[in-house]
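These are the residues of each chain, in order.
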Amino acid sequence: MSALLEVRDLKVRYGGNLALSVGALSLGHGEIIGVVGGNGAGKSTLVNAVAGWSRGAPRVEGSVQLGGRDISALPTHRRVREGLLLVPEGKLIFGTMTVEENLAEGIDDPGEGRKPYSVEEIYALFPRLAERRGHLGSQLSGGERQMLGIGRALRLAPRALLLDEPSIGLAPKLVRTVLQSVSDLRAHGLSVLLVEQNVKAAIEVVDRVLLLERGQVVLEGTAAEMRNNPRIAEAYLGAQ
Ligand code: ATP
């Protein structure tokens, strides 16, 4: 089966500096790929470029295809309409609106058999948000914000989600909760590119892992292969 998201020869420069160079990346239907690596490895640069974000005025070369359609020239909002949704580190929520109001905006008719999640489906995925439905965005904890950010994206009927460090700043128990919910999205046929510094937790929920170093993919494999890879184990999993 052909991949849902195909990235080819992606190069991203800030000023004259080459921050990212990825030859090929394919994300299958219903697949979750973990993008891991240290600080400054290029993880955010990758998902931002795939989403067409222009923050930091990067110069981007290469092609991005979604469902066989070349979307490389489309601005971010048009990629959103095509079903490619970036959830940056929990920031795209409205602090002055309640959880329920934050989730109110959906997409009416995305076409192509796509269906937005209903608010109730999002509450089923994240019961904590249901409990907090009357609270303002600004009153939420870090974990609740991450859940709400993902919930808002699900209201727009994504085909692929790009999640930038959904577990950042969360207590270990919440990390597992949030990442387990991400894993549950697979059952709905959603594809996810999951940026994570928390390799140990990520490896438990993803299908494949890409390790980025200095803007390049230096290792790639299934979660099982990567778990047993000494390079990953030494660098990220601690002494086992
Ligand atoms: P972190 O986990 O620390 O966010 P990361 O893996 O997401 O790291 P990026 O933020 O993608 O890494 O950064 C990759 C490289 O690009 C780094 O060398 C960084 O300094 C550089 N970079 C990122 N954004 C910009 C920008 N707006 N202007 C200039 N350089 C940038």
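Refer to the structure presented above.
Here's a quick rundown of the structure. Remember, it's a predicted structure, so these values are computed and weren't measured experimentally. (Residues numbered from 1 in each chain as written. Predicted model: local features only at pLDDT ≥ 70, side-chain atom pairs only at ≥ 80, totals over all residues. Heavy atoms only, no water.)

## Things to note about the overall build of the protein
When helices and strands are tallied, the protein shows ten helices and ten strands. Whereas a compact globule of 240 residues would reach a radius of gyration of roughly 18 Å, the protein reaches 17 Å, a difference of no more than 12%. Projecting the C-alpha coordinates of the protein onto the three principal axes gives extents of approximately 45 × 45 × 40 Å. Going through the 240 residues of the protein one by one, you find that 50% of them count as buried. Nonlocal contacts in the protein, meaning residues at least 24 apart in sequence, comprise 67% of its contacts between residues at least 6 apart. Here the protein displays about 11,000 Å² of accessible surface, and carbon together with sulfur accounts for 49% of that area. Between the centroid of the 28 positive side chains of the protein and the centroid of its 27 negative side chains there is a distance of 3 Å. (Helix = DSSP H or I, 4+ residues; strand = E, 2+ residues; numbered from the N terminus. Rg over C-alpha atoms; globule rule 2.2 N^0.38 Å. Buried < 20%, exposed > 50% of the residue type's maximum accessible area, 1.4 Å probe, protein only. Contact = heavy atoms within 4.5 Å. Areas by Shrake-Rupley, 256 points an atom, 1.4 Å probe, with all protein chains shown as cover. Lys, Arg positive; Asp, Glu negative; His and termini not counted. Charge placed at Lys NZ, Arg CZ, Asp CG, Glu CD.)

## Overview of the site of the ligand
Neighbouring the ligand are 13 residues, the closest being Gly40, Gly42, Lys43, Ser44 and Thr45. A distance of 3.1 Å is found between an oxygen atom of the ligand and a backbone nitrogen or oxygen belonging to Ala41. Note that an oxygen atom of the ligand is positioned 2.8 Å from one of the backbone N or O atoms of Lys43. No other element matches helix α1 (residues 43-51), which puts three residues into the shell around the ligand. (Near = heavy atom within 4 Å. Polar contact = N/O pair within 3.5 Å; in protein donor to acceptor, adjacent residues only side chain to side chain.)

## Section: α1
Most of α1 sits inside the fold, with eight of its nine residues counted as buried. Within α1, the full set of buried residues consists of Lys43, Thr45, Leu46, Val47, Asn48, Ala49, Val50 and Ala51. Two residues or fewer past α1, Gly52 is found with a positive phi of approximately 80 degrees.

## With respect to the sheet that holds strand β8 (residues 191-195)
Pairing is mixed in the open sheet, where six strands are placed in the order β6-β7-β8-β3-β9-β10. The strands lining the two open edges of the sheet, one partner per strand, are β6 (84-87) and β10 (216-222). The average undirected angle you get between the axes of adjacent strands in this sheet is 15 degrees. By the bridge criterion, four bridges tie strand β3 (residues 32-36) to β8 in an arrangement that is parallel. Looking across to β8, one finds that Gly34 is bridged to Leu194. (Pairing = 2+ DSSP bridges. Axes fitted to C-alpha atoms, helices over the stretch in contact; angles between N-to-C directions.)

## Details of the side chain of Arg155
Residue position: Arg155 is located in the loop between α6 (142-154) and β7 (160-164). Glu121 provides the closest opposite charge to the buried, unpaired Arg155, separated from it by 7.1 Å. Not counting chain neighbours up to four residues away, the residues in contact with Arg155 comprise Leu103, Ala104, Glu105, Gly106, Ile107, Pro116, Tyr117, Ser118, Val119 and Ile122. (Salt bridge = Lys/Arg side-chain N within 4 Å of Asp/Glu carboxyl O.)

## Some words on the pairing of strand β9 (residues 208-213)
Bridging between β3 and β9 involves four bridges; their strand directions are parallel. Each bridged residue has a counterpart across the sheet, and for Val35 the counterpart in β9 is Leu210. The pairing of β9 with β10 spans six bridges and is antiparallel. Looking at the pairing, Glu213 lines up with Gln216 of β10. Hairpin connection from β9 to β10: two residues lie between these consecutive antiparallel strands, with Arg214 at a positive phi of about 45 degrees.

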